[in-house]
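Next come the chains, spelled out residue by residue.
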Amino acid sequence: VMCHRDLVATNVLHGDRPLFIDWEYAGPCSRWFDVATLLDGQAFGKPQVANVLDGYLQVTGLDTQLSDAHTAIDRQRLVSGALNDLWHAALPAVA
């Protein structure tokens, strides 16, 4: 699916509805990557993560069990974290 791929808190404007900005990294990816990236930027506990995932499944109409969504998120959080680490490691080289 088409994903934002940089869905950090600073790329989400809040109003009546959230608005995602800064789309230069957008492209095909796992839908769970965007959700994982967004969750990583929050100080959510397990109950809050479960609420976000349950809401996401309801809104998107995906036929996915909550436990499968948690597994997908856990995997994508590893990928998101590694990319974030690489990004921060590269910053001094381009600054």
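Cut-off values and rules
- Residues numbered from 1 in each chain as written.
- Predicted model: local features only at pLDDT ≥ 70, side-chain atom pairs only at ≥ 80, totals over all residues.
- Heavy atoms only, no water.
- Helix = DSSP H or I, 4+ residues; strand = E, 2+ residues; numbered from the N terminus.
- Expected span 1.5 Å × (residues − 1).
- Buried < 20%, exposed > 50% of the residue type's maximum accessible area, 1.4 Å probe, protein only.
- Arc of directions from axis to C-beta.
- Contact = heavy atoms within 4.5 Å.
- Patch = residues over 30% accessible without salt bridge, like charges linked within 9 Å, V, L, I, M, F, W, Y side chains within 5 Å.
- Areas by Shrake-Rupley, 256 points an atom, 1.4 Å probe, with all protein chains shown as cover.
- Salt bridge = Lys/Arg side-chain N within 4 Å of Asp/Glu carboxyl O.

Caption draft 1: Structural context of helix α2 (residues 46–60). Taking 1.5 Å per residue as the helical rise, α2 with its 15 residues ought to reach 21 Å, and the 21 Å between its terminal C-alpha atoms agrees with that figure. Within the sequence span of α2, burial applies to V49, L53 and L57. Buried positions in α2, seen along its axis, are confined to an arc of 70 degrees and lie on one side of it. Facing away from the buried side of α2, by more than 90 degrees, are the exposed residues P47, N51, Q58 and V59. Tucked into the core, α2 has its buried residues touching α1 (31–40) and α3 (66–94). Looking one or two places after α2, you find G61, whose phi comes out positive at around 70 degrees.

Caption draft 2: Molecular detail of a nonpolar patch on the surface. Nonpolar side chains collect at one region of the surface, where Y25, W87, L91 and V94 lie side by side and expose about 400 Å² of accessible area between them. Tracing the chain through its elements places V94 in helix α3. Judged by relative accessible area, V94 falls into the exposed class, the value being 69%.

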